[in-house]
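One letter stands for each residue in the lines below.
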Amino acid sequence: MNVYADNAATTKVSRTALDAMLPCFTEAYGNPSSPHHIGMEAAKRLIAARKTMADYLGAEPSEIIFTSGGSEADNQAIATAAILGSKKGKKHIISTKFEHHAVLHTLSKLEKEGYEVTLLDVYEDGIVRLEDVEAAIRPDTALVTIMYANNEIGTVQPIKEIGALCKEKGVLFHTDAVQAAGHLPINVKEQNIDMLSLSAHKFHGPKGVGVFFVRRGIPITAIIEGGAQERGKRAGTENLPAIVGMAAAFKEACDNMSVNMPKVEALRNRLIDGILKIDEVILNGDREKRLPGNVNVSVKGIEGESLLMMLDQQGICASSGSACTSGSLDPSHVLLAIGLTHEVAHGSLRLTLSEYNTEEEIGYILEKLPPIVDRLRSMSPVWKKMKEVK
Ligand SMILES: *Cc1c(COP(=O)(O)O)cnc(C)c1O
C-alpha cells in the first residue's frame, strides 16, 4: 500500500485545479498584457483568479500580489515593512524562534544591514504568548511577523489577537499563513492582518505560485524589477496556469473546509492515539491548537532518518525533524525551540494528512510503525543506554 503522509511538504494537485489549468496551456495561452484576443482571454482569467483569491481571504483584488510562492511572499512582506520602517527611523522587527527559514533567513540578512530582531520564545507547547508580543513591542518596532500555523509541529498561533495588539500599537503585522491557507479559516480584516503569505502547493494547487496580500495603503517594496505586472510591484509575465490553478484549489479548499477539517482531524486523532501507545513516544506541540492534519512525535532512542527509510520501504511517505534534505546533522530549529534535546529531536517523525487520506491508510501506518520502531530500537545503542539507566 502507498500512503502519502507528507502534505506539509507539498500536496498533490487536485483534479479541480488541474482541470482549471489545462485550458491556460492550450487556449488562453496569451500574455495577459497583450491587447489581442488571446491575450485578453488570458487577462480575463487573471482577473477572475485575483477576485477569487481576494474574496476567499476577505480582501480586495487590488490587495493581492501573485508571487512565485510562499518564500517570495515572505521575503517581500519583510522587505516592505523594513523599507517603510527605516524611512520612519524604525528598525526593530519581532518574530519567533520557529518561523520558516524564508522568514528567519530574511531577518538574519536584515540584522547584518543594521536592523534589530527579537525572536520570541514558543514554549514547550509551540504557542506564542500574547503578553510576550506586547512586552517586545517598542516605539521603533517596524514589524511583527508571526506564522499562522507551524509547518513542522502544526501549532496554531493566536493570530487575530496578535493582529489586534499590533493595530492598537500602530505596528505592521505580517503572518506566514502558508500552512493555514485552505486548512483553517482566514479573513484578513477580521483577523487584523496587514500582510499575509500563502502558497498554492500546500492546498492541492500547483507549485511555484503564491499570494502576497498587502492591506491597501501600505506602500509595497518590489523585490523583482522589470515590467509593470502586478502594478509594478512584482515584475514578470504572470504564470497564468499556476495562478488559475491556485484560485481553483483555494476555492475548492475553502468551500469544503467545514467538511474536510473534522474529517482530517478525526484521522489525525486516531493516528496520534495509536502512535502514543508505543513506549517512550511524545507528541510535539499542543494537542488541541494544531493543524487538522499534523502529527509530530519524537520516538526516543532512534534516528528519524532510519525510521523514514523503513517507512518508505513499506510505501509510507513521511518526514523527519532533522534537516535531512540539506545533509545537515542539525536537528530542526523548530524542535529545539520547543525545548527538545538534540537526541530526542533526532528521533522525530512528522506525518501530515490531507482529505485524500483514508481510515484504511491510518490503520496501515499503525500496523507498520510499531514493529519498525522495535526493530530500530533493538539495534540502537542510545535506546540500550536509556533502558539501562531506568
Ligand atoms: C512551504 C512553506 C513556505 C514556503 O513556501 P514555497 O511556496 O514552497 O516557497 C513558507 N512558509 C511555510 C510555513 C511553509 O510551510
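Residues numbered from 1 in each chain as written. Predicted model: local features only at pLDDT ≥ 70, side-chain atom pairs only at ≥ 80, totals over all residues. Heavy atoms only, no water.

Engineer: Summarise the overall build of the protein; cite the residues concerned and give the values.
Structural biologist: A count of helices and strands for the protein gives 13 helices and 13 strands. On C-alpha atoms alone, the protein measures out to a radius of gyration of 22 Å, which is about the 21 Å that the 2.2 N^0.38 rule sets for 390 residues. Counting every position in the protein, which comprises 390 residues, the buried fraction comes to 57%. When the accessible area of the protein is evaluated, it comes to approximately 16,600 Å², of which 55% is carbon and sulfur surface. Seen as two clouds, the 43 positive and the 49 negative side-chain charges of the protein have centres 2 Å apart. (Helix = DSSP H or I, 4+ residues; strand = E, 2+ residues; numbered from the N terminus. Rg over C-alpha atoms; globule rule 2.2 N^0.38 Å. Buried < 20%, exposed > 50% of the residue type's maximum accessible area, 1.4 Å probe, protein only. Areas by Shrake-Rupley, 256 points an atom, 1.4 Å probe, with all protein chains shown as cover. Lys, Arg positive; Asp, Glu negative; His and termini not counted. Charge placed at Lys NZ, Arg CZ, Asp CG, Glu CD.)

Engineer: Please set out the site of the ligand residue by residue, giving values where relevant.
Structural biologist: Around the ligand, the structure places 13 residues, and the nearest of them are Ser 71, Asp 176, Gln 179, Ser 199 and Lys 202. One of the backbone nitrogen or oxygen atoms of Gly 70 is found 2.8 Å away from an oxygen atom of the ligand. The protein chains hide 87% of the 380 Å² of surface that the ligand would expose on its own. Looking at the shell around the ligand element by element, the count peaks at 3 residues for helix α3 (residues 70-87). For the shell around the ligand, the residue count by class is 2 nonpolar, 8 polar and 3 charged. (Near = heavy atom within 4 Å. Polar contact = N/O pair within 3.5 Å; in protein donor to acceptor, adjacent residues only side chain to side chain. Nonpolar A, V, L, I, M, F, W, Y, C, P; charged D, E, K, R; others polar.)

Engineer: I'd like to hear about the pairing of strand β7 (residues 195-199), residue by residue, with values.
Structural biologist: The buried fraction of β7 is high, at 5 of 5 residues. Covered by surrounding structure in β7 are Met 195, Ser 197 and Ser 199 together with Leu 196 and Leu 198, the residues of both alternating faces. Pairing of strand β6 (residues 172-176) with β7, which is carried by 3 bridges, proceeds in the parallel orientation. Counterpart to Thr 175 in the pairing with β7 is Leu 196. Alignment of β7 against strand β8 (residues 210-214), held across 5 bridges, turns out to be antiparallel. Note on β8: the bridge partner recorded for Leu 196 is Phe 213. (Pairing = 2+ DSSP bridges.)

Engineer: A description of a nonpolar patch on the surface should follow, citing residues and the corresponding values.
Structural biologist: Side chains of Val 13, Leu 18, Leu 22 and Phe 25 sit close together on the surface and give an oily, nonpolar patch of about 330 Å² of accessible area. Note on placement: Leu 18 falls in helix α1 (residues 15-26). (Patch = residues over 30% accessible without salt bridge, like charges linked within 9 Å, V, L, I, M, F, W, Y side chains within 5 Å. Salt bridge = Lys/Arg side-chain N within 4 Å of Asp/Glu carboxyl O.)

Engineer: Could you give an account of the pattern of salt bridges, naming the residues involved and the relevant values?
Structural biologist: Inspection of every chain in the model, using the stated rule, returns 20 salt bridges. In this structure, Arg 138 engages Asp 140 in a salt bridge whose closest nitrogen and oxygen atoms are separated by 2.9 Å. Residues joined in a network through salt bridges with shared partners are Glu 41, Lys 44 and Arg 45.

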